[in-house]
Amino acid sequence: GESVGLHLPTLSVQEGDNSIINCAYSNSASDYFIWYKQESGKGPQFIIDIRSNMDKRQGQRVTVLLNKTVKHLSLQIAATQPGDSAVYFCAEGYSGGYQKVTFGTGTKLQVIP
Amino acid sequence: KAGVTQTPRYLIKTRGQQVTLSCSPISGHRSVSWYQQTPGQGLQFLFEYFSETQRNKGNFPGRFSGRQFSNSRSEMNVSTLELGDSALYLCASSLVGAGRETQYFGPGTRLLVL
């Protein structure tokens, strides 16, 4: 498969444990935040998003937390599975204009069976 | 519904050449965005097209250009290739490209410049 990042921070998690991936964003004007998952050889895949008027949003096995005070975003994955192994990107955008999403550098999640 | 498709998947060029990459969005999607992904810089926004018009542009030199056709398919062109242009080029589509819309990505075109 294709390498999507050679110098990414890596998080290693035991199968069945919970994973927490963190992200700091930079633009105070951003009001829309997204998490993407990128598997080897594929493009980024949408996981979950959150608006700035929320501080928590839950999906299936995933939860995103937003702390606007410190410009911090986190993705929690419950009961991590081998299929969760991938690179995870946070992204920020502004809902008022056209799409121009800014991506973070990414975190590689390795699930240990 | 078919996803975003990109052609070719892999490409090898030499410095000074030019290249054209193609993207077909999801049926019904009219906004197409292009990103460059490299290990050093991550995912960087190139430009966004809607109704054959470029609406937004990232910080890339003029060697990078694009266009969109009436059927929403898009192409991007890189002229006078440099070694640093080696990257994965990703295309993403959404309905109308509004700030809060979900973008759907294609698998990318891997460009290697020798």
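Residues numbered from 1 in each chain as written. Chains lettered and ligands numbered in written order. Predicted model: local features only at pLDDT ≥ 70, side-chain atom pairs only at ≥ 80, totals over all residues. Heavy atoms only, no water.

Student: Hey, could you run me through the sheet that holds strand 6 (residues 62-67) of chain A in this one?
Tutor: One key point about sheets: their strands pair by backbone hydrogen bonds, in either a parallel or an antiparallel sense. Residue and element names in this part refer to chain A. Taking strand neighbours across the sheet as the criterion, the 4 strands line up as 2-7-6-5 in an open arrangement whose pairing is antiparallel. The sheet is open, and its two edges are formed by strand 2 (19-24) and strand 5 (56-58), each paired on a single side. Strand-to-strand, the axes of this sheet are offset by a mean angle of 15°, without reference to chain direction. (Pairing = 2+ DSSP bridges. Helix = DSSP H or I, 4+ residues; strand = E, 2+ residues; numbered from the N terminus. Axes fitted to C-alpha atoms, helices over the stretch in contact; angles between N-to-C directions.)

Student: What exactly am I supposed to notice about the pattern of salt bridges here?
Tutor: Where charged atoms from two side chains of opposite charge approach closely, those side chains can pair. Residues and elements named next belong to chain A. Summed over the entire model, instances satisfying the criterion amount to 9 salt bridges over all chains. The partner of aspartate 49 in a salt bridge is arginine 57, and the shortest N-O contact between them spans 2.3 Å. Across the pair arginine 61 and aspartate 84 runs a salt bridge whose closest N-O atoms are separated by 2.9 Å. One end of the pair, arginine 61, is in the loop between strand 5 and strand 6; the other, aspartate 84, is in the loop between strand 7 (72-77) and strand 8 (86-93), with 23 residues separating them in the sequence. (Salt bridge = Lys/Arg side-chain N within 4 Å of Asp/Glu carboxyl O.)

Student: What is the right way to read the pairing of strand 3 (residues 19-24) of chain B from this model?
Tutor: Put simply, side chains in a regular strand alternate between the two faces of the sheet. Residues and elements named next belong to chain B. Where strand 1 (residues 5-7) and strand 3 come together, 3 bridges link them in antiparallel fashion. Bridge pairing in strand 3 places threonine 7 opposite serine 22. The sheet contact formed by strand 3 and strand 8 (residues 74-78) spans 5 bridges and is antiparallel. Considered in strand 8, the bridge of serine 22 is made with glutamate 75.

Student: Even after reading the chapter, I still don't get the state of the cysteines, so can you show me in this structure?
Tutor: Among covalent bonds in proteins, the disulfide is the one between the sulfur atoms of two cysteines. Tallied over the entire structure, the rule returns 2 disulfides over all chains. Here cysteine 23 of chain A pairs with cysteine 90 of chain A through a disulfide, and the sulfurs are 1.6 Å apart. In this pair, cysteine 23 of chain A is assigned in strand 2 and cysteine 90 of chain A in strand 8, connecting sequence segments 67 residues apart. Looking at cysteine 23 of chain A, the relative accessible area reads 8%, which means it is buried. Here cysteine 23 of chain B engages in a disulfide with cysteine 91 of chain B; their sulfurs sit 1.7 Å apart. (Disulfide = S-S within 2.5 Å. Buried < 20%, exposed > 50% of the residue type's maximum accessible area, 1.4 Å probe, protein only.)

Student: Whenever I open this one, the layout of surface pockets confuses me. Can you help?
Tutor: It is the rolling of a water-molecule-sized probe over the atoms that shows where space remains empty. Estimated volume of the largest pocket: approximately 240 Å³. Thr102 and Phe103 of chain A together with Leu43, Gln44 and Phe45 of chain B are the residues nearest the centre of the largest pocket, which is lined by 14 residues in total. Counting only elements with at least two residues in the lining of the largest pocket, the list comes to strand 9 (102-103) of chain A together with strand 5 (42-50) of chain B. Counting residues per element, the lining of the largest pocket draws most heavily on strand 5 of chain B, which supplies 4 residues. For the lining of the largest pocket, the class distribution of residues is 5 nonpolar, 8 polar and 1 charged. (1 Å grid on protein atoms, 1.4 Å probe; cavity = no way out; pocket = protein on both sides within 12 Å on 5 of 7 lines; lining within 4 Å. Points joined across faces, edges and corners; volume = space filled by probe spheres on them. Nonpolar A, V, L, I, M, F, W, Y, C, P; charged D, E, K, R; others polar.)

Student: Explain the packing of aromatic side chains to me, please; I cannot follow it from the model alone.
Tutor: Ring pairs (aromatic) are described by centroid distance and by the angle formed between their planes. Residues and elements named next belong to chain B. One pass over the structure, following the stated rule, counts 11 aromatic pairs over all chains. Their ring planes at 70° and their centres at 5.7 Å tell us that tyrosine 35 and phenylalanine 45 sit as a pair that is edge-to-face. In this pair, tyrosine 35 sits in strand 4 (residues 31-38) while phenylalanine 45 sits in strand 5, placing the two residues 10 residues apart along the sequence. As far as burial versus exposure is concerned, tyrosine 35 and phenylalanine 45 are alike and both buried. (Phe/Tyr/Trp six-rings, centres within 6.5 Å; stacked < 30°, edge-to-face > 60°.)

Student: It is not clear to me how the nonpolar core should be interpreted in this structure. Could you clarify?
Tutor: Considering soluble globular proteins, one finds that nonpolar side chains tend to be buried as a cluster. Residues Trp34, Leu46, Phe64, Met76 and Tyr89 of chain B are the most contacted members of the largest nonpolar core, which totals 21 residues. Those elements giving two or more residues to this core turn out to be strand 3, strand 4, strand 5, strand 8, strand 9 (87-94) and strand 11 (109-113) of chain B. Residues in contact with methionine 76 of chain B, not counting those within four places in the same chain, are Val19, Thr20, Leu21, Trp34, Leu46, Phe47, Phe64, Ser65, Gly66 and Tyr89 of chain B. Ranked by size, the runner-up nonpolar core spans 19 residues in total, among them Cys23, Ile48, Val64 and Leu75 of chain A. (Core = buried A, V, L, I, M, F, W, Y, C linked by side-chain atoms within 4.5 Å. Contact = heavy atoms within 4.5 Å.)

Student: Would you mind showing me how to read the environment of alanine 91 of chain A here?
Tutor: Residues and elements named next belong to chain A. Assignment of secondary structure puts alanine 91 in strand 8. The spacing of alanine 91 and leucine 65 is 26 residues in sequence and 13 Å in space, taken between C-alpha atoms. Alanine 91 has contacts with Tyr32, Phe33, Ile34, Tyr36, Val101, Thr102 and Phe103, leaving out every residue within four places of it along the chain.

Student: Which parts of the structure should I look at to understand the interface of chain A and chain B?
Tutor: The figure often quoted for interface size is the accessible area lost as the parts come together. Across the boundary between the two partners, chain A contributes 25 residues, which contact 26 residues of chain B. Across the chain A/chain B interface, buried area totals approximately 2,300 Å², and carbon plus sulfur atoms make up 50% of it. There are 0 salt bridges connecting chain A and chain B. On inspection of chain A and its partner chain B, the count reaches 3 residue pairs in polar contact (both at pLDDT 80 or more). Sorting the residues of the side of chain A that touches chain B by element identifies strand 3 (32-38) and strand 4 (45-51) of chain A as the ones contributing at least two each. Of the residues belonging to the side of chain A that touches chain B, the class tally is 11 nonpolar, 8 polar and 6 charged. (Buried area = accessible area lost by both parts, 1.4 Å probe. Polar contact = N/O pair within 3.5 Å; in protein donor to acceptor, adjacent residues only side chain to side chain.)

Geometric descriptors of this kind do not, in isolation, establish any biological role.
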